[in-house]
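Descriptive analysis of the structure
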Amino acid sequence: MSLIETSSLGKRFNDTEAVKQLNLSVREGACTALLGPNGAGKTTTLNMLTGLMKPTEGTIQFDAAYEGDRRNYLGYLPQYPKFFGWMSGEEYLIFAAELAGLPKKQAKISASEMLELIGLQDDGKKRISGYSGGMKQRLGIAQALVHSPKLIILDEPVSALDPIGRREVLELMKRLKTHTSILFSTHVLHDAEEVSDDIFIMNKGTVVIEGSLRELQQTHQKPAFFLETEKSPEEWLHTLKEQDWVVDWELDHHRLMITVDNMEKARANLLKDEHLHELKLVKFEVAKTSLEDLFMKVIS
Ligand SMILES: Nc1ncnc2c1ncn2[C@@H]1O[C@H](COP(=O)(O)OP(=O)(O)OP(=O)(O)O)[C@@H](O)[C@H]1O
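These numbers come from a predicted model, not from an experiment. Counting restarts for each chain: residues are numbered from 1 in the order of the written sequence. In keeping with the predicted nature of the model, local features appear solely for residues at pLDDT of at least 70, side-chain atom pairs appear and are counted solely at 80 or more, and the whole-chain, interface and lining totals rest on all residues.

Think of it this way: any DSSP run of H or I at least four residues long counts as a helix, any run of E at least two long counts as a strand, and we number them from the N terminus. Structurally, the position occupied by His-253 is in the loop between strand E12 (246-252) and strand E13 (255-260). For His-253, a count of 10 C-beta atoms within 10 Å puts it in the exposed group. Expressed as a C-alpha distance, the spacing of His-253 and Glu-230, which sit 23 residues apart in the sequence, is 10.0 Å. Working definition of burial: number of other C-beta atoms within 10 Å of the residue's own, with buried at 20 or more, exposed at 12 or fewer, and partly exposed in between, all C-beta atoms being placed from the backbone.

Right, dumping it as structure tokens:
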């Protein structure tokens, strides 16, 4: 079942089409990554889903449990969350719970449960100004969860953190995803690969590739050869492109990645190719394309 489905969603700022023709489906129980480079339209998309921004076209549909107020249905951590440094972590969570409509008694209970969940039970009485980046971000995730929404939306939850903070937050997300639906944005493929079940790759305002992580990894792992030569292989590439076993290629100076459809045929042909030997081979490696190759290709 989908918690959110968008159809041809779009947002225009004067001449900039920040989001266009976006069809997105967020599954219940899944951790979904919106992956894309800076300016791809991720924040604009999340802002439309949370109701902070009005779409200029298209529709957003929520599941049957949605009762008209997105605050009950969604929890949200913005890209640049603001904290009151003079508050304690516990006070901040009670404040967030009351803003979400919980009665005071319930807000206190929920805040204490959240502190436990994010591993800050011993720091709850301390001022936020003394928290590390990772602790603040975990607190930010807790405020998104404090009213038990159906889905939490996290905008670049690890981007601004140092390696220790990143690890803390990624580990927290891995624990949360076993019982909470998550939609988060990132520009780092490895983060998406580490925690997500479904991935939507966005570029220039629209989704260019989508699927489950497993599907994408399997579909885009193609046999390939990695060659390095002393002389430039640029001219030789013209004849290579004609071969029916060549699917794709990428040349970076004297380094060449050739994606093929038939490993054995390609190996036999390459090894007997005299022109290739004239280029003075330095490296000849059997390889596989990865999701990273695909990601770099679609965003470049
Ligand atoms: N309020 C705005 N007014 C005008 N243009 C905007 C506004 N907000 C975003 N844009 C433009 O829309 C495009 C998408 O921006 P958006 O912030 O959604 O991308 P993003 O993928 O979240 O990138 P980043 O990771 O850098 O935040 C960019 O070209 C941006 O400059």
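With that out of the way, let us pick up the confidence of the model for the protein. The quantity called pLDDT is the predictor's confidence in a given residue, expressed from 0 to 100. Residues with a pLDDT of 70 or more make up 100% of the protein, whose mean pLDDT is 91. Confidence metrics for the complex model read pTM 0.84 and ipTM 0.96.

Let us now look at the packing of helix H3 (residues 89-99) against helix H4 (residues 104-117). Where H3 meets H4, the axes come as close as 8 Å, and the angle between the chain directions of the two elements is 130°. Taken together, the axis directions place H3 and H4 in an arrangement best described as oblique. Once H3 is placed against H4, the crossing between them reads as right-handed. Judged by residue contacts, Gly-89, Glu-90, Leu-93, Ile-94, Ala-97 and Glu-98 of H3 engage Lys-104, Ala-107, Lys-108, Ser-110, Ala-111, Met-114 and Leu-115 from H4. Along the lines of polarity and charge, the residues of the contact of H3 with H4 split into seven nonpolar, two polar and four charged. The angle between two axes is taken between their N-to-C directions and runs from 0 to 180 degrees, where each axis is a line fitted to C-alpha atoms and a helix contributes only its stretch in contact. Between 65 and 115 degrees an angle is taken as roughly perpendicular, under 35 as roughly parallel, over 145 as roughly antiparallel, and anywhere else as oblique. Crossing handedness is defined as follows: a turn of the near helix away from the far one that is anticlockwise and smaller than a right angle gives a left-handed crossing, while the clockwise case is right-handed. Placing C-beta atoms from the backbone, we regard two residues as in contact once those atoms come within 7 Å. Ten residues, namely Ala, Val, Leu, Ile, Met, Phe, Trp, Tyr, Cys and Pro, are considered nonpolar, four, namely Asp, Glu, Lys and Arg, are considered charged, and the remaining ones, Gly among them, are considered polar.

Domain annotation for the protein reports domain 1 (2-217) and domain 2 (220-299). In this entry, domain limits derive from an automatic or database-based domain assignment. Between the C-alpha centres of domain 1 and domain 2 the distance comes to 41 Å. The interface is formed by ten residues belonging to domain 1 together with seven residues belonging to domain 2. Where the side of domain 1 that touches domain 2 is concerned, the elements lending two or more residues are helix H7 (189-195), strand E9 (198-203), strand E10 (206-212) and helix H8 (213-219). Among the residues forming the side of domain 1 that touches domain 2, the class breakdown is six nonpolar, three polar and one charged.

In space, the four strands of this open sheet follow the order E12-E13-E11-E14, with antiparallel pairing throughout. Whereas interior strands pair on both sides, the edge strands pair on one side only; in this sheet they are E12 and strand E14 (281-288). Strand-to-strand twist of the sheet, defined as the mean angle between neighbouring strand axes without regard to direction, takes the value 15°. Sheet topology places strand E11 (residues 223-229) next to E14; seven bridges connect them, and they run antiparallel. From the neighbouring strand, Pro-223 faces E14, where its bridge partner is Lys-288. Strand pairing is defined by DSSP finding a minimum of two bridges between the two strands.

Time to look at the pairing of strand E6 (residues 74-77). The alternating pattern of E6 places Leu-74 and Tyr-76 and Gly-75 and Leu-77 on opposite faces, both of which are buried. Across four bridges, E6 lies against strand E7 (residues 151-155) in parallel orientation. By the bridge assignment, Leu-77 is partnered in E7 with Leu-154.

The subject of this paragraph is the sheet that holds E7. A sheet is described by the order of its strands in space; here six strands give the open sequence E6-E7-E8-E4-E9-E10, paired in mixed fashion. A single partner strand is all that each edge strand has here, and the edge strands are E6 and E10. Direction aside, neighbouring strands of the sheet carry axes that sit 15° apart on average. Alignment of strand E4 (residues 31-35) against strand E8 (residues 181-186), held across five bridges, turns out to be parallel. Bridge pairing in E8 places Leu-34 opposite Ser-185.

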